[in-house]
Amino acid sequence: MSEEAVGDAADATDGPTGPAVRRLADWTAPDLRGLAAEHGTPLYVTDLDRVRENAIRLRRAFDAGDEDGDADVRYAVKAHTGRAVLRTVREAGLGAECASAGEVVRALDAGFEGREVQYTAVNPPSGDLDIVLDRWRDGADLTVVAGAADTLDRLRSRGFDGRLAVRVNPGVGAGHHEKVTTGGHAKFGVPYDRVPGLLADARADFDVVGIHAHAGSGISGDDLDAHRELVARMGELAREVGDLEFVDVGGGFGVPYREAEPPLDIAAVADATREALGEVDAVLAVEPGRYVVADAGVLLTRVNTVKEGGGDESGVVAGVDAGMTTLLRPAMYDAYHAIRNLAADGRAELPVTVAGPVCETADLFCEERPLPTPERGDLLALGNAGAYGYEMASTYNSRPRPAEVVLEGGTARLARERESLDALTALEGDR
Ligand code: LLP
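What counts and how
Residues numbered from 1 in each chain as written. Predicted model: local features only at pLDDT ≥ 70, side-chain atom pairs only at ≥ 80, totals over all residues. Heavy atoms only, no water. Domains from an automatic or database assignment. Buried area = accessible area lost by both parts, 1.4 Å probe. Salt bridge = Lys/Arg side-chain N within 4 Å of Asp/Glu carboxyl O. Polar contact = N/O pair within 3.5 Å; in protein donor to acceptor, adjacent residues only side chain to side chain. Nonpolar A, V, L, I, M, F, W, Y, C, P; charged D, E, K, R; others polar. Helix = DSSP H or I, 4+ residues; strand = E, 2+ residues; numbered from the N terminus. Buried < 20%, exposed > 50% of the residue type's maximum accessible area, 1.4 Å probe, protein only. Pairing = 2+ DSSP bridges. 1 Å grid on protein atoms, 1.4 Å probe; cavity = no way out; pocket = protein on both sides within 12 Å on 5 of 7 lines; lining within 4 Å. Points joined across faces, edges and corners; volume = space filled by probe spheres on them. Near = heavy atom within 4 Å. Areas by Shrake-Rupley, 256 points an atom, 1.4 Å probe, with all protein chains shown as cover. Sits in = over half its atoms within 2 Å of the grid points. Axes fitted to C-alpha atoms, helices over the stretch in contact; angles between N-to-C directions. Parallel < 35°, antiparallel > 145°, perpendicular 65-115°, else oblique. Left-handed = near helix turned anticlockwise from the far one by under 90°. Contact = heavy atoms within 4.5 Å.

A. Spatial organisation of the domain arrangement of the protein. Domain boundaries assigned for the protein yield domain 1 (71–288) and domain 2 (295–425). Averaged C-alpha coordinates put domain 1 and domain 2 at centres separated by 32 Å. A buried area of about 1600 Å², summed over both sides, lies between domain 1 and domain 2, and 47% of it is on carbon and sulfur atoms. Of all residues in domain 1, the largest losses of buried area upon contact with domain 2 belong to Ala79, His80 and Tyr257, amounting jointly to 36% of the total for that side. The interface formed by domain 1 and domain 2 holds 1 salt bridge in total. Along the contact surface separating domain 1 from domain 2 lie 7 residue pairs in polar contact (both at pLDDT 80 or more). Residues that form the side of domain 1 that touches domain 2 fall into these classes: 6 nonpolar, 6 polar and 6 charged.

B. How the structure looks around unusual backbone geometry. In this model, Thr41 is joined to Pro42 through a cis peptide bond whose omega is -5 degrees. Tracing the chain through its elements places Pro42 in the loop between α2 (29–39) and β1 (43–47). Positive phi, close to 50 degrees, is recorded for Ser398, a residue that is not glycine. Relative to the assigned elements, Ser398 resides in the loop between β16 (379–382) and β17 (403–408).

C. Structural view of the pairing of β17. When you tally the buried positions in β17, you get 5 out of 6 residues, the bulk of the element. Direction of pairing for β1 relative to β17: parallel, over a ladder of 5 bridges. Each residue of the ladder has a partner; that of Thr46, found in β17, is Val406. Inspection of the sheet shows β17 paired to strand β18 (residues 411–416) by 5 bridges, in the antiparallel sense.

D. Looking closely at the pattern of salt bridges. One pass over the structure, following the stated rule, counts 28 salt bridges. In this structure, Asp72 engages Arg74 in a salt bridge whose closest nitrogen and oxygen atoms are separated by 3.2 Å. When its relative accessible area of 7% is taken as the criterion, Arg74 is described as buried. The salt bridge partner of Arg115 is Asp141, with a shortest N-O separation of 3.3 Å. Taken together, the residues Arg115 in the loop between α5 (101–109) and β4 (117–121) and Asp141 in the loop between α6 (126–137) and β5 (143–146) connect sequence positions 26 residues apart. Among the charged side chains, a network of salt bridges with common partners joins Asp49, Arg52, Arg87, Glu91, Glu408 and Arg413.

E. Quick look at empty space enclosed by the protein. Scanning the entire structure with this criterion turns up 1 cavity of 30 Å³ or more. What the largest cavity holds in volume is close to 50 Å³. Lining the largest cavity are Ala318, Ile339, Arg340, Asn341, Val352, Val354, Leu371, Pro372, Pro374 and Leu380. Of all the secondary structure elements, the ones that give two or more residues to the lining of the largest cavity are β13 (339–341), β14 (349–355) and β15 (364–372). If you tally residues by element for the lining of the largest cavity, the top one is β13, at 3 residues.

F. Seen up close, the site of the ligand. Taken together, 20 residues surround the ligand, and among them Ser217, Glu287, Arg329, Tyr333 and Tyr388 come closest. Within the side chain of Lys78, an N or O atom sits 3.4 Å from an oxygen atom of the ligand. At a separation of 2.7 Å, a nitrogen atom of the ligand approaches a polar side-chain atom of Tyr333. Calculation on the ligand without its partners gives an accessible area of 580 Å², and the protein chains cover 92% of this total. Mapping the ligand onto the cavity grids shows that it belongs to the largest pocket. Residues of the shell around the ligand, tallied by class, amount to 6 nonpolar, 8 polar and 6 charged. Split by domain, the shell around the ligand shows at least three residues from each of two domains, domain 1 (71–288) and domain 2 (295–425).

G. Summary view of the pairing of β1. Across the 5 residues that make up β1, a large majority, 5, are buried. Alternating positions in β1 separate into two faces, Leu43, Val45 and Asp47 on one and Tyr44 and Thr46 on the other, with burial throughout. Two strands pair when backbone bridges link them, and β1 and strand β11 (residues 297–308) are joined in this way by 4 bridges, in the antiparallel orientation. In the strand pairing of β11, Thr46 is matched with Gly297.

H. Structural detail: the layout of surface pockets. Counted as a void, the largest pocket has a volume near 810 Å³. Among the elements of the structure, α11 (290–293) and α12 (329–333) are those that each provide at least two residues to the lining of the largest pocket. Considering each element in turn, the lining of the largest pocket owes the most residues, 3 residues, to α12. For the lining of the largest pocket, a count of residues per class yields 12 nonpolar, 11 polar and 10 charged. Formed jointly, the lining of the largest pocket draws a minimum of three residues from each of two domains, domain 1 (71–288) and domain 2 (295–425).

I. Up close: the packing of helix α9 (residues 223–241) against helix α10 (residues 266–277). Contact geometry of α9 with α10 gives a least axis separation of 7 Å together with a crossing angle of 40 degrees. Between α9 and α10, the interaxial angle falls into the category oblique. Seen from above, α9 lies across α10 with right-handed handedness. Between α9 and α10, the contacting residues are Leu224, His227, Arg228, Val231, Ala232, Met234, Gly235 and Arg239 on the first element and Val269, Ala272, Thr273, Ala276 and Leu277 on the second. Classifying every residue of the contact of α9 with α10 by side-chain character gives 8 nonpolar, 3 polar and 2 charged.

Next comes the structure, spelled out in structure tokens:
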């Protein structure tokens, strides 16, 4: 870490950690209405002050349980790669865990030192390896996490002899949905039993610094047991192979998407993680994404159509200008996002289906959920949109991606412009 970064981190870590959870109801309706009026909808709003609080709370939780106070928290950049977010987590003293060359470049360009950047390469395309190793040759002392013996060969053949960690398939996974439960899947990592042999070979050619595993994403409740099991296995492995700088046990800490769901007690999770790991002569590293940014973001969308639910239903369908192209999680994982009507004041509730403009039945944010009677022109807010929201946006149905506003210290500024229709065809030129 650079001296400057250390200075920033020390200051930031003294800052407030805020409440354990920020609910959709906690956002100020007039402020959100003002932003929608100024910038249009659909619009992502990301509160950098909340990102900072979440980052500091994580650091405190993991550092407190660590004898030397030096647990390593690496932000999983994929949850939200916006430059302002990256700058904020860097200032709060987190490192950057990157899943692609694009994320590595974004992290370095946002000011992370090479030493703070980890590239977790899953079946890395050659172009990605080339770009990352170019940055390494230019002096970025980053860490590459390899998940296959093949990847080691490809790194050797490119002359890489820098910091290397091996991704372990720990044989145990967890997560909010089968599509994000990675831990036991053959796609990820080197089978547990083969890791000691592979590491011994790797030490001849690389600076072997760590072992890595990730159970999955959105871990809470019973899944915490599976996570602890993964951590315990990693502790055993670390003691068996010895001589490591860090043991990275992944990210995946869940956040409460439902209004009444309690938040994780992150300090208790950190204590349980350390206990499960046991005595190891290496730093504990974690790499959460969602926990840092989820409740720092909302998506604003405007109602353009209200019609009857049909059949025997007493409810209505509210058509909105955001869809699965703006926030994919409900369509892809049946994910629940809280919805609040920012216009409604004392209106009666009825079952409301909130539907986007995309010609797919999956393009629904909720079905028959009790919400205030919607009217055309109402502004709706979707909660916990800060993680994997903008990041998974697409241009399907030729829908340009939305704009994003960031809030910091009581001011708001446009962080990403709304994509234009021209941008959608720019790559085609006249062809
Ligand atoms: N580390 C690795 C190696 C990962 O693959 C991931 C997430 C993380 C850390 C961070 O996990 P988190 O703390 O954010 O749960 N699009 C899905 C989530 C996919 C997560 C993929 N990997 C969603 O919207 O739920």
